[in-house]
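Residue-level structural notes
Chain by chain, the residues:
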2 protein chains.
Amino acid sequence: MPVSRSRGAESRIAPLPMFSVVLVAGGPDCGAGLLFFRLQSGAKTFLIRFASIFWWGMSRNRPREEQANGQQGGGAPANGTVNGTAAPSVSGVRPTILDLAALCGVSPATVSNALADKPNVKAETRDLVRRKAREIGYHASSAARGLRLGRSWSIGLVVGDIANPFVPDVVRGVEDVVWRERKNLILCNTDFQAEKKTAYVRSLLDKQIDGMIVLSQILDAQDMERVAAAGIPLVTVNRRAPDFSTDYVGIDNQSGVRMAVDYLVSLGHRRIAFVKGLFRSSSADDRFAAYQAAVQAHGLDGDPSLAVQGDYSMESGDSAARSLMALSQRPTAILAANDLMALGALGALHDLGIRVPADVSVVGFDNIQLAEHPLLNLTTINHPKRETGDAAARLLLQRIAGDRNEPPRSVVLKPSLIVRGTTAPPPSTPKPRRRRPVTVRGTGDGG
Amino acid sequence: MPVSRSRGAESRIAPLPMFSVVLVAGGPDCGAGLLFFRLQSGAKTFLIRFASIFWWGMSRNRPREEQANGQQGGGAPANGTVNGTAAPSVSGVRPTILDLAALCGVSPATVSNALADKPNVKAETRDLVRRKAREIGYHASSAARGLRLGRSWSIGLVVGDIANPFVPDVVRGVEDVVWRERKNLILCNTDFQAEKKTAYVRSLLDKQIDGMIVLSQILDAQDMERVAAAGIPLVTVNRRAPDFSTDYVGIDNQSGVRMAVDYLVSLGHRRIAFVKGLFRSSSADDRFAAYQAAVQAHGLDGDPSLAVQGDYSMESGDSAARSLMALSQRPTAILAANDLMALGALGALHDLGIRVPADVSVVGFDNIQLAEHPLLNLTTINHPKRETGDAAARLLLQRIAGDRNEPPRSVVLKPSLIVRGTTAPPPSTPKPRRRRPVTVRGTGDGG
DNA sequence: TTGTAAGCGTTATCAG
DNA sequence: CTGATAACGCTTACAA
């Protein structure tokens, strides 16, 4: 079927090979004559719309059984203009609102209103539009809609390293909430590189994202300013930006660490080592400060060599443990600023033939999924990861929907102590308070 | 500074509270008089542009030192139209190409060309435009550009569960490649729910994504058709869609399983159990089929009760191991279709007091990050995860850039055996072939 | 080398 | 209740 015959169309249809022509919508039962064809040629598909012809030849609400064929012969010039005569146009297969309007015999405005469930459209019309829309598979272009409305229905999620076991759980929480509003998630993995971070932020702003969540990192001042200037709501997670106050979700690191130390002390430990997290991370600072405070509060051995620097990686936990065990006066317990380092320490101790928890106790922070594996069985502080993502997303959505001038809100989640198998009284301690049975998921120590 | 004085603007500026007015760009050294102001009121920021006034009062390329103030008094009607007189317009803070054009004293077309590095623009002009663009922080709206060009510079990544430790590594690989072309990643977490999958696909299509990667799942026929009809390149990973041939990245499951079985046999095992993956997953099928083939090839005990169903979760590995150990004739080795199940099995065996590898050997598949932890130390088949993501993204980008009619390509990655501490000769076997030196520390003592 | 103008597909406004 | 129309911000023929 040489559809490409018509005059005005040739310039757009280009050299057409053999096409199979299939009626997609329209026809006797559709109220508007033969209208939509699907052209298939190999993998390529086009949708031909005779939208304009409809306007040209027929009275608006004429019901059906029109001359159901032969129309494609009529040459016609301009295309796209909804008024006068027009040629069939070949589009990249997506029907537009104009198509749908023509198909239903209403104006595009009405289609828009009908689809948006605006009150000012007759139920009958609305149903017609909806039905036809489904029929031809119409979906509004989000580019067009975004351009018009200045929104994009997507939110940017900036993470440092998605492969860090802590991160995906948070992402999961975010996704869950965001999905409920049918917004999309744009995942930005910065590798903690300033340049990549900046570039991603720019890209997100160009995309007119509705909002942004930044996980465990800070944006530099300029980026923050850009985001603020664009009026994009921002929620920071785990790490506050200095000098900028934004909505924030975090965890009470202080009380988390405190619980761990308290628990260790209750077991009888006096020399408790700490493996610090990454430099310049506020959560790392918080946790370390809390450790120091707790040590002081309990009047423990404040030997500064008990605090060693790590970087949140398993390797750093490994080497931290080795250096601690090399100390002339070993600690009897190691508290790490995250689970990965605690697991690293566990590995090192195992290697060194030091028994856990008989010789040394180990406590982590985060409670990543594998921490509960029977062979690891790590006592740790639970960081509610999914809840974190959930809260961040909620905060963001509220901010998007609501007043942007309200003061920033914070959600600080509560950590909890999860006692597993890597903690016990220190060696040669004349049994202190009774140790809880392992595997119990209690919080706080029995005391 | 009562900027809102001018006539035509009032309808848009709305009831303005106190604003602080800051000169952003323009001024004596900018070639176009005072042009850009930033209005700040509380958290809200506006950018005021006198773009049109420029057109109205001044000759085009007039250099500088114009009447540098007092312009805002002049009432002016229409705004946005580049010709005649116009009022200052208040936009949601983003300068548009028109602003930049006016600021540079050139047409928007020239700005566009300059920014796109088109050859037909004088170097001088190009540099001017670029400089000014940076100065006022101009960035093209991707909605507008996307609308015009029908692309979006984002690619959809459909995963089942981002929290599965296998997934983030693949995502990481994808992100890495995609980022190089400055495309964004839209993360779609389907929870393996058909309905969510469909909805996400639709949403992605609405967004005019440039391409799509589907990880470890299949889209139903209708979704596949939609994607194909929209002409969106699609790469499937780990799992082929039946009836649709697409670009594909996977791993040679067969040879992976074969390697594992061969290795176990070489250690002397004859009763090798298999923990199957999720029903209806092609990779699970492949791996199970490969197991069966290998068992047959080696003439091993084909006892069907040695094959138990799992679902890729740790729990299912746990219960699989328990049921296997409850058999009257126990296997001497357990091969699991993924690491999570293998780890679950490890846990169960530990619980049951069965020594690994002394009593039973365990082999996993995937080599997730924690498998190498000294306390787990799981012998496994490495699945190159990052490379998988990398390859998928490459394939996709090539397809996007290149001819979409070329036949689909497949990349099948090679697995490799990673011998760690969970494998050894079966008990009471009069030393078979020499066992490889166990490179890493043993495991399974537990306490 | 630059400018003009026509869209891309929506939705909001306002008029019927 | 429905329709015409004007944006939204950009790119790309085509014209100058």
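What you are looking at is a predicted structure, and each value in this text was computed from that prediction instead of being measured.

1. Considerations on the overall build of chain A
- Helix and strand counts for chain A come out as 14 helices and 16 strands.
- Across the 447 residues in chain A, those meeting the buried criterion constitute 54%.
- Here the contacts in chain A between residues at least 6 apart in sequence split such that 65% fall between residues at least 24 apart.
- A total accessible area of about 19,000 Å² is found for chain A, and carbon and sulfur atoms account for 52% of it.

2. Examining the protein's contact with DNA strand C
- Around DNA strand C there are 25 residues in total, and A:Ile97, A:Arg145, A:Arg148, B:Thr125 and B:Arg148 lie nearest to it.
- When the atoms of DNA strand C within 4 Å of the protein are sorted by group, sugar and phosphate make up 68%.
- Residue B:Lys122 places a main-chain N or O atom 2.9 Å away from a phosphate oxygen belonging to DNA strand C.
- Mapped by element, the contributors of at least two residues to the surface near DNA strand C are α3 (97-104), α4 (108-115) and α6 (142-149) of chain A together with α4 (108-115) and α6 (142-149) of chain B.

3. Side note on the environment of A:Gly105
- Inspection of the secondary structure assignment puts A:Gly105 in the loop between α3 and α4.
- The spacing of A:Gly105 and A:Thr190 is 85 residues in sequence and 50 Å in space, taken between C-alpha atoms.

4. Comments concerning the interface of chain B and chain A
- In this assembly, 61 residues from chain B lie in contact with 58 residues from chain A.
- Between the two partners, chain B and chain A, sit six salt bridges.
- Taking the shortest distance from any N to any O, the salt bridge between A:Glu175 and B:Lys196 comes out at 3.1 Å.
- Put simply, chain B and chain A have 26 residue pairs in polar contact (both at pLDDT 80 or more) between them.
- Of all the secondary-structure elements, those providing two or more residues to the side of chain B that touches chain A are β3 (44-49), α6, α7 (166-180), β6 (184-189), α8 (194-206) and α13 (339-352) of chain B.
- Residues of the side of chain B that touches chain A, tallied by class, amount to 27 nonpolar, 19 polar and 15 charged.
- Bridge count between strand β6 (residues 184-189) of chain A and β6(B): three bridges; the pairing is antiparallel. Bridge pairing in β6(B) links A:Ile186 to B:Ile186.

5. Comments concerning the protein's contact with DNA strand D
- As a matter of local geometry, DNA strand D sits amid 26 residues, with A:Thr110, B:Ile97, B:Tyr138, B:Arg145 and B:Arg148 nearest to it.
- Considering DNA strand D, the proportion of its atoms within 4 Å of the protein that are sugar or phosphate atoms stands at 69%.
- A:Thr110 has a polar side-chain atom sitting 2.7 Å from a phosphate oxygen of DNA strand D.
- Note that a phosphate oxygen of DNA strand D is positioned 2.8 Å from one of the side-chain N or O atoms of A:Thr125.
- In terms of residue count, α6(B) provides more of the surface near DNA strand D than any other element does, four residues in total.
- By residue class, the composition of the surface near DNA strand D is 10 nonpolar, nine polar and seven charged.

6. Let's talk about the sheet that holds strand β8 (residues 234-237) of chain B
- Taking strand neighbours across the sheet as the criterion, the 12 strands line up as β15(A)-β9(A)-β8(A)-β7(A)-β5(A)-β6(A)-β6(B)-β5(B)-β7(B)-β8(B)-β9(B)-β15(B) in an open arrangement whose pairing is mixed. Single-partner strands in this sheet number two, and they are β15 (410-413) of chain A together with β15 (410-413) of chain B. The average angle at which neighbouring strand axes cross in this sheet is 20°, direction not considered.
- Set on the sheet, helix α14 (residues 385-401) of chain A makes contact with β5 (154-159), β7 (211-215), β8 (234-237), β9 (247-251) and β15 of chain A; between it and β9(A) the angle comes to about 170°.

7. Re the relation of the copies chain B and chain A
- Rotating chain B by 180° and translating it 0.0 Å along the rotation axis places it on chain A, where the RMSD comes to 0.1 Å. On the angle and the small slide along the axis, the relation comes out as a two-fold axis.
- Both copies contact each other with a shared surface, as 93% of the interface residues of chain B are interface residues in chain A too.

8. Remarks on the UniProt feature "domain: HTH lacI-type" (unreviewed entry) in chain A
- If you check UniProt for "domain: HTH lacI-type" (unreviewed entry), the listed places come out as residues 95-149 of chain A in our numbering.
- Regarding residues 95-149 of chain A, the helix share stands at 69% and the strand share at 0%, and the terminal C-alpha atoms are separated by 20 Å.

9. Brief notes about the side chain of A:Thr236
- With respect to the secondary-structure elements, A:Thr236 resides in strand β8.
- Apart from residues no more than four positions distant in its own chain, A:Thr236 is found in contact with A:Val214, A:Thr246, A:Asp247, A:Tyr248 and A:Val249.

10. What about unusual backbone geometry?
- In this structure, the amide linkage connecting A:Val356 to the following residue, A:Pro357, adopts the cis form with an omega of 5°.
- Residue position: A:Pro357 is located in the loop between α13 (339-352) and β13 (361-366).
- Positive phi values are uncommon outside glycine, yet A:Asp117 reaches one of about 60°.
- As for its placement among the helices and strands, A:Asp117 is situated in the loop between α4 and α5 (123-136).
- Even without being a glycine, B:Tyr312 presents a positive backbone phi close to 75°.
- With respect to the secondary-structure elements, B:Tyr312 resides in the loop between β11 (307-309) and α12 (314-325).

11. Re α13(A)
Residues and elements named next belong to chain A.
- A rise of 1.5 Å per residue sets the reference length of α13, with its 14 residues, at 20 Å; its end C-alpha atoms lie 20 Å apart and thus fit the reference within 8%.
- Listed as buried for α13 are Asp339, Leu340, Met341, Ala342, Leu343, Gly344, Ala345, Leu346, Gly347, Ala348 and Leu349.
- Elements that come into contact with the buried residues of α13 comprise β10 (272-276), α12 (314-325), β12 (333-336), β13 and β14 (379-382).
- Just past α13, the residue Gly353 takes up positive phi, approximately 75°.

12. Notes on the environment of B:Arg409
All names here are of chain B.
- Summarising the element assignment, Arg409 is placed in the loop between α14 (385-401) and β15.
- By relative accessible area, which is 25% here, Arg409 ends up partly exposed.
- Once the C-alpha coordinates of Arg409 and Ser245 are considered, the two residues, 164 residues apart in sequence, prove to be 9.1 Å apart.
- In contact with Arg409, other than residues within four places in its own chain, are Thr246, Asp247, Tyr248, Leu395, Gln398 and Arg399.
- Within polar-contact distance, the side chain of Arg409 engages the side chain of Gln398 at 2.6 Å.

13. Points about the pattern of salt bridges
Residue and element names in this part refer to chain A.
- Applying the stated criterion to the full structure yields 52 salt bridges over all chains.
- In this structure, Asp210 and Arg151 form a salt bridge, with 3.6 Å as the shortest nitrogen-oxygen distance. Highlighted residues: Asp210 in the loop between α8 (194-206) and β7 and Arg151 in the loop between α6 and β5, separated in sequence by 59 residues.
- On the basis of relative accessible area, Arg151 is assigned to the partly exposed category, the value being 32%.
- Residue Arg322 pairs with Asp318 through a salt bridge whose shortest N-O separation is 2.7 Å. Taken together, the residues Arg322 and Asp318, both in helix α12 and four residues apart, mark about one turn of the helix.

14. Section: the confidence of the model for chain A
Residues and elements named next belong to chain A.
- Put simply, chain A has an average pLDDT of 78, and 74% of its residues get 70 or more.
- In this model, residues 1-47 is a region of pLDDT below 50 whose contacts with residues beyond four sequence positions or in other chains number 110 contacts.
- In this model residues 432-447 is a low-confidence stretch, pLDDT under 50, and it forms 37 contacts with partners more than four residues away in sequence or in other chains.

15. With respect to the packing of helix α3 (residues 97-104) of chain B against α4(B)
All names here are of chain B.
- Two elements in contact, α3 and α4, have axes whose closest approach is 8 Å; the angle formed by their N-to-C orientations is 100°. Of the possible angle classes, the one that applies to α3 and α4 is roughly perpendicular. Here α3 contributes Ile97, Leu98, Leu100 and Ala101 to the contact with α4, which in turn contributes Pro108, Val111, Ser112 and Leu115.
- Considered class by class, the residues forming the contact of α3 with α4 number seven nonpolar, one polar and no charged.

16. Looking at the packing of helix α10 (residues 253-267) of chain B against helix α11 (residues 282-297) of chain B
All names here are of chain B.
- Interhelical geometry of α10 versus α11 gives an angle of 45° and a closest axis separation of 8 Å. Considering the angle they form, α10 stands oblique to α11. Our pair here, α10 against α11, has a crossing hand that is right-handed. Here α10 contributes Asn253, Gln254, Val257, Arg258 and Val261 to the contact with α11, which in turn contributes Ser283, Asp286, Arg287, Ala290, Tyr291, Ala294 and Ala297.
- Grouping the constituent residues of the contact of α10 with α11 by class yields six nonpolar, three polar and three charged.

Analysis parameters
- Residues numbered from 1 in each chain as written.
- Chains lettered and ligands numbered in written order.
- Predicted model: local features only at pLDDT ≥ 70, side-chain atom pairs only at ≥ 80, totals over all residues.
- Heavy atoms only, no water.
- Helix = DSSP H or I, 4+ residues; strand = E, 2+ residues; numbered from the N terminus.
- Buried < 20%, exposed > 50% of the residue type's maximum accessible area, 1.4 Å probe, protein only.
- Contact = heavy atoms within 4.5 Å.
- Areas by Shrake-Rupley, 256 points an atom, 1.4 Å probe, with all protein chains shown as cover.
- Near = heavy atom within 4 Å.
- Polar contact = N/O pair within 3.5 Å; in protein donor to acceptor, adjacent residues only side chain to side chain.
- Salt bridge = Lys/Arg side-chain N within 4 Å of Asp/Glu carboxyl O.
- Nonpolar A, V, L, I, M, F, W, Y, C, P; charged D, E, K, R; others polar.
- Pairing = 2+ DSSP bridges.
- Axes fitted to C-alpha atoms, helices over the stretch in contact; angles between N-to-C directions.
- Least-squares fit on C-alpha atoms with pLDDT ≥ 70 in both.
- UniProt positions renumbered as here; feature names shortened; annotations may be inferred.
- Expected span 1.5 Å × (residues − 1).
- pLDDT = per-residue confidence, 0-100.
- Parallel < 35°, antiparallel > 145°, perpendicular 65-115°, else oblique.
- Left-handed = near helix turned anticlockwise from the far one by under 90°.

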